[in-house]
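# Architecture and fold: a report
Here is how the chains run, residue by residue.
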Amino acid sequence: MKRSITRRPLLATGVVLASLSLALSGCAGSTTTEQPGGSAAAPAGEGKLQALKDKGSITVAIAGEAPYSYEENGEPTGATIALAKKIFGDMGIKEVNTVLVDWNGLIPGLTANRSDAVSAGMSILPERCANADFSDPEIMYTTALMTQKGNPKGLSDLDSVKEKMDAGEDIKLAVLAGGIEAGYADSLGLDVQSVPDAQTGMDTVDNGRADAFAMTAISLNFMADENPDANVEVTEAFVQEIDGVPQIGAGATVFAQGDDELREAYNEGLAKITESEETYLAVVGEYGFTAENLPPKDLTTEELCEGTPTP
């Protein structure tokens, strides 16, 4: 029986990550769907940090991608939720509420003041930096392909997809709409079908409507492990190259432009977590993240926003 990673959102209260109780004690949360035109956030700009402290809660947007941020039995969980609960909790903002949003709506919802931040492991990319501000890097990741069991088309990475497409073979590739893999596919000139969320991507492969689904390796492996009866498997992880340049994938929490004080306070808390493998894995290790996901200390958001990271 398949276990759905992205479920219909239910209102939930009193969420506590018991296995992280020492680090996250006192941090509760709830999940709701995004309400068009509504405002769940404090006003952006100077004074927002204090307003959130006075309120005692913050609303972060998620897209339902495990193991970054997703729902389990109607409750928000995942590695970036654990980071948010720990960091905001230490600021004195004890309650982290979540709003479930389609991936392409995360930054627009943030700029429309429907959330205070985005907690979804979102890649730091120049085009995104033009519309929002990112925290320091908090998660490194690689890419993989999900295929049907046995990998009948013999796909290993996006270069293999391009090679077969260019040779005239009918290869149907699915990508997350707005995801970094969609950008890779576009740069390679690949024909793709866009899906709104990770669960739909897996389903398109499982039922044969796509030959492969490209996404972060840790997410695809998590889904495959949680759905052992699905007709899917995951390739070895790879780092995609575009024009001979390795594409470094680094995710971070996203803030509205002008929320510098809030972002800087978050970075201070994040630095205490990423200072060592031990402190990092104490927060995110439960969700399948390893020392390989810990960002190198010399990798900066500024160079990622400029599109000039050094491999």
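Figured I'd write up the structure that's included with this text. (Residues numbered from 1 in each chain as written. Predicted model: local features only at pLDDT ≥ 70, side-chain atom pairs only at ≥ 80, totals over all residues. Heavy atoms only, no water.)

## Here we look at the packing of aromatic side chains
Under the definition given, this model contains five aromatic pairs. With centroids separated by 5.3 Å and ring planes inclined at 50°, the aromatic side chains of phenylalanine 88 and tyrosine 266 adopt a geometry described as tilted. Of this pair, phenylalanine 88 sits in helix 3 (residues 79–91) while tyrosine 266 sits in helix 10 (residues 260–273), and the two are 178 residues apart along the sequence. Neither residue differs from the other here; phenylalanine 88 and tyrosine 266 are each classed as buried. Ring geometry for phenylalanine 255 versus tyrosine 266: centroids 5.5 Å apart, planes at 65°, classification edge-to-face. (Phe/Tyr/Trp six-rings, centres within 6.5 Å; stacked < 30°, edge-to-face > 60°. Helix = DSSP H or I, 4+ residues; strand = E, 2+ residues; numbered from the N terminus. Buried < 20%, exposed > 50% of the residue type's maximum accessible area, 1.4 Å probe, protein only.)

## Overview of the pattern of salt bridges
Where charged atoms from two side chains of opposite charge approach closely, those side chains can pair. For the structure shown, the criterion picks out nine salt bridges. Notably, a salt bridge pairs glutamate 169 with lysine 164, separated by 4.0 Å at the nearest N-O pair. Several salt bridges converge on common partners, so that one network encompasses Lys48, Asp116 and Asp259. (Salt bridge = Lys/Arg side-chain N within 4 Å of Asp/Glu carboxyl O.)

## Description of the pairing of strand 6 (residues 117–123)
For strand 6, the buried fraction is high: seven of the seven residues fall into the buried class. The pairing of strand 2 (residues 57–62) with strand 6 spans two bridges and is classified as parallel. When the sheet's bridge partners are listed, valine 60 is paired in strand 6 with alanine 117. As paired strands, strand 6 and strand 16 (residues 249–255) are joined by four bridges and run antiparallel to one another. What sits directly across from valine 118, in strand 16, is valine 254. (Pairing = 2+ DSSP bridges.)

## With respect to helix 2 (residues 48–55)
Residues Lys48, Leu49 and Leu52 constitute the buried set of helix 2. With its buried residues spanning 105° around the axis, helix 2 presents them on a single face. Contacts from the buried residues of helix 2 go to strand 2, helix 3 and helix 10. Two residues or fewer past helix 2, glycine 56 is found with a positive phi of approximately 80°. (Arc of directions from axis to C-beta. Contact = heavy atoms within 4.5 Å.)

## A word on the nonpolar core
Ranked by size, the top nonpolar core spans 55 residues in total, and within it Phe88, Leu145, Leu158 and Leu173 carry the most contacts. Among the elements that make up this core, the one with the highest residue count is helix 3 (eight residues). Setting aside residues no more than four positions away along its own chain, leucine 158 makes contact with Leu145, Leu173, Tyr184, Leu188, Leu190, Ala214, Phe238 and Gln240. In terms of nonpolar packing, the next biggest core, distinct from the first, is built from 23 residues, Ala61, Val99, Ile107 and Ala132 among them. (Core = buried A, V, L, I, M, F, W, Y, C linked by side-chain atoms within 4.5 Å.)

## Some points on the environment of aspartate 157
Within the secondary structure layout, aspartate 157 lies in the loop between strand 9 (143–147) and helix 6 (158–166). For aspartate 157, the contacting residues outside a window of four places in its chain are Leu145 and Phe238. Polar side-chain contacts of aspartate 157 include one of 3.2 Å to the backbone nitrogen of aspartate 159. (Polar contact = N/O pair within 3.5 Å; in protein donor to acceptor, adjacent residues only side chain to side chain.)

## Points about the sheet that holds strand 9
Strand order in this open sheet of five strands is 11-10-12-9-13, and the pairing throughout is mixed. What marks the edges here is a single partner per strand, and that holds for strand 11 (192–195) and strand 13 (233–234). Sheet contacts for helix 6: strand 9, strand 10 (173–176) and strand 12 (212–216); angle to strand 10, the most-contacted strand, approximately 140°. Sheet contacts for helix 8 (residues 198–206): strand 9, strand 10, strand 11 and strand 12; angle to strand 12, the most-contacted strand, approximately 150°. (Axes fitted to C-alpha atoms, helices over the stretch in contact; angles between N-to-C directions.)

## Considerations on the state of the cysteines
Enumeration according to the criterion identifies one disulfide in this entry. Put simply, cysteine 129 and cysteine 305 are joined by a disulfide, and their sulfur atoms are 2.0 Å apart. Of note, the bridge from cysteine 129 to cysteine 305 carries an S-S torsion of about -70° and is left-handed in sense. Of this pair, cysteine 129 sits in helix 5 (residues 126–129) while cysteine 305 sits in helix 12 (residues 301–306), placing them 176 residues apart in sequence. Under the relative-accessibility criterion, cysteine 305 is labelled partly exposed at 23%. (Disulfide = S-S within 2.5 Å.)

## Topic: the side chain of lysine 48
Of note, lysine 48 is situated in helix 2. Judged by relative accessible area, lysine 48 falls into the buried class, the value being 2%. For lysine 48, the side chain forms a polar contact with the side chain of aspartate 116, separated by 3.3 Å. Residues in contact with lysine 48, not counting those within four places in the same chain, are Ala42, Pro43, Ser115, Asp116, Asp259 and Leu262.

## Side note on the packing of helix 2 against helix 10
At a closest axis distance of 7 Å, the pairing of helix 2 and helix 10 adopts a crossing angle of 70°. The orientation of helix 2 with respect to helix 10, classified from their angle, is roughly perpendicular. Packed against helix 2, whose contacting residues are Lys48, Leu49 and Leu52, the element helix 10 presents Glu261, Leu262 and Ala265 at the interface. (Parallel < 35°, antiparallel > 145°, perpendicular 65-115°, else oblique.)

## What about the packing of helix 3 against helix 10?
At a minimum axis separation of 9 Å, helix 3 and helix 10 run at an interaxial angle of 115°. In terms of axis orientation, helix 3 runs roughly perpendicular to helix 10. The handedness of the crossing between helix 3 and helix 10 is right-handed. Judged by residue contacts, Leu83, Lys86, Ile87, Phe88 and Met91 of helix 3 engage Leu262, Ala265, Tyr266, Gly269, Leu270 and Ile273 from helix 10. The residue inventory of the contact of helix 3 with helix 10, partitioned by class, reads nine nonpolar, one polar and one charged. (Left-handed = near helix turned anticlockwise from the far one by under 90°. Nonpolar A, V, L, I, M, F, W, Y, C, P; charged D, E, K, R; others polar.)

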